[in-house]
Amino acid sequence: EPDACTKDIASICIRFNAKIIGADWGFGNGGMNSMIKKLLPSDFIFVTFRHSVIKKYIAYDEQGETYVTNRTEVMTDLFNKIKTHLLEFYRWEDFEFIGKDYLNINAEYSETLRQIRYIHSQPDDAFHSLIYCVLCWMIINKKIPTTRYDPGEDDMDVHFFKND
């Protein structure tokens, strides 16, 4: 039931003093995302993400009020963070029910695109939740640039600043 879910999400955020939510732009942007936003304090940061074909890692689309990511770059970056132990997980026995989603993702090289494509055979929702979590951390800590993204640009070459 969407109404109950949105109330639960807002209640949990308030109870645990969360400051930010990272959500998928697609399914919930018109409905559930707006319902949750209305239930949260005005200073709460609600960030939405969508994947697209852009040259940069991430850009902000002011018109759509959402961050646009390069799906392949973001996923590759997260897999590299996992491989190099920049992210740690619970013991497999405690993590398996979520971790299985990570194992559903395979990389294949596309000759047409001349790049790696990530495909999944089963749900990969937990992995995408982690993507949103990491991106929100980057935004809060100013570790990624923000810029204008113009969906009408042919080359999608947007300008970034770097915060080290």
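Residues numbered from 1 in each chain as written. Predicted model: local features only at pLDDT ≥ 70, side-chain atom pairs only at ≥ 80, totals over all residues. Heavy atoms only, no water.

Here we look at the overall build of the chain
- The secondary structure content of the chain amounts to six helices and six strands.
- Each helix and strand of the chain, placed in order from N terminus to C terminus, yields the pattern α-β-α-α-β-β-β-α-α-β-β-α.
- Across the 164 residues of the chain, 35% fall into the buried class.
- Considering only contacts within the chain whose residues lie at least 6 apart along the sequence, 52% involve residues at least 24 apart.
- If you sum the accessible surface of the chain, you get close to 11000 Å²; carbon and sulfur atoms cover 53% of it. (Helix = DSSP H or I, 4+ residues; strand = E, 2+ residues; numbered from the N terminus. Buried < 20%, exposed > 50% of the residue type's maximum accessible area, 1.4 Å probe, protein only. Contact = heavy atoms within 4.5 Å. Areas by Shrake-Rupley, 256 points an atom, 1.4 Å probe, with all protein chains shown as cover.)

What about empty space enclosed by the protein?
- For the coordinates displayed, the defined rule picks out one cavity of 30 Å³ or more.
- Along the walls of the largest cavity sit Tyr 57, Val 74, Asp 77, Leu 78, Ile 131, Val 134 and Leu 135, which together make up its complete lining.
- For the lining of the largest cavity, the residue count by class is six nonpolar, no polar and one charged. (1 Å grid on protein atoms, 1.4 Å probe; cavity = no way out; pocket = protein on both sides within 12 Å on 5 of 7 lines; lining within 4 Å. Points joined across faces, edges and corners; volume = space filled by probe spheres on them. Nonpolar A, V, L, I, M, F, W, Y, C, P; charged D, E, K, R; others polar.)

Describing the layout of surface pockets
- Roughly 810 Å³ of internal volume is contained in the largest pocket.
- Lining the largest pocket are 22 residues, with Ile 21, Gly 22, Ala 23, Ser 129 and Tyr 132 sitting closest to its centre.
- By residue number, the principal contributor to the lining of the largest pocket is helix α6 (residues 125-140), which donates six residues.

Brief notes about the sheet that holds strand β3 (residues 58-61)
- With mixed pairing, the four strands of this open sheet are ordered in space as β1-β2-β4-β3. In this open sheet, the two edge strands, each paired with only one partner strand, are β1 (20-24) and β3. Averaged over all pairs of adjacent strands, the angle between their axes in this sheet comes to 30°, without regard to strand direction.
- As defined by bridge partners, β3 adjoins strand β4 (residues 66-70) across four bridges and the pair is classed as antiparallel. Along β4, the bridge assignment pairs Ala 59 with Val 68.
- Contacts from helix α3 (residues 32-39) reach β1 and β2 (45-52) within the one sheet, and its direction differs from that of β2 by about 160°. (Pairing = 2+ DSSP bridges. Axes fitted to C-alpha atoms, helices over the stretch in contact; angles between N-to-C directions.)

As for the packing of helix α4 (residues 71-83) against α6
- In contact at an axis separation of 11 Å, α4 and α6 are set at 90° when each is read in the N-to-C sense. In terms of axis orientation, α4 runs roughly perpendicular to α6. Contact residues: Arg 71, Val 74, Met 75, Asp 77, Leu 78, Phe 79, Lys 81 and Ile 82 in α4; Phe 127, His 128, Leu 130, Ile 131, Val 134, Leu 135 and Met 138 in α6.
- Broken down by class, the residue content of the contact of α4 with α6 amounts to 11 nonpolar, one polar and three charged. (Parallel < 35°, antiparallel > 145°, perpendicular 65-115°, else oblique.)

A short note on the packing of aromatic side chains
- According to the stated counting rule, one finds 10 aromatic pairs in the structure shown.
- Aromatic side chains Phe 49 and Tyr 67 sit 5.9 Å apart centroid to centroid with 35° between the ring planes, which places their arrangement in the tilted category. Here Tyr 67 lies in strand β4 and Phe 49 lies in strand β2, a separation of 18 residues in the sequence. Side by side, Phe 49 and Tyr 67 carry an identical accessibility label, which is buried.
- Ring centres of Tyr 102 and Phe 127 lie 5.4 Å apart, and the angle between their planes is 90°; on these two criteria the pair is classed as edge-to-face. Pair noted here: Tyr 102 is in helix α5 (residues 92-103) and Phe 127 is in helix α6, with a separation of 25 residues, a long-range link. (Phe/Tyr/Trp six-rings, centres within 6.5 Å; stacked < 30°, edge-to-face > 60°.)

Brief notes about α4
- For α4, with 13 residues, the first-to-last C-alpha span of 18 Å sits near the 18 Å given by 1.5 Å per residue.
- Listing the buried residues of α4 in full gives Thr 72, Val 74, Met 75, Leu 78, Phe 79 and Lys 81.
- Where α4 is buried, its residues contact β4, β5 (105-110), β6 (115-120) and α6.
- Among the residues trailing α4, His 85 stands out with phi positive, at a value near 65°. (Expected span 1.5 Å × (residues − 1).)

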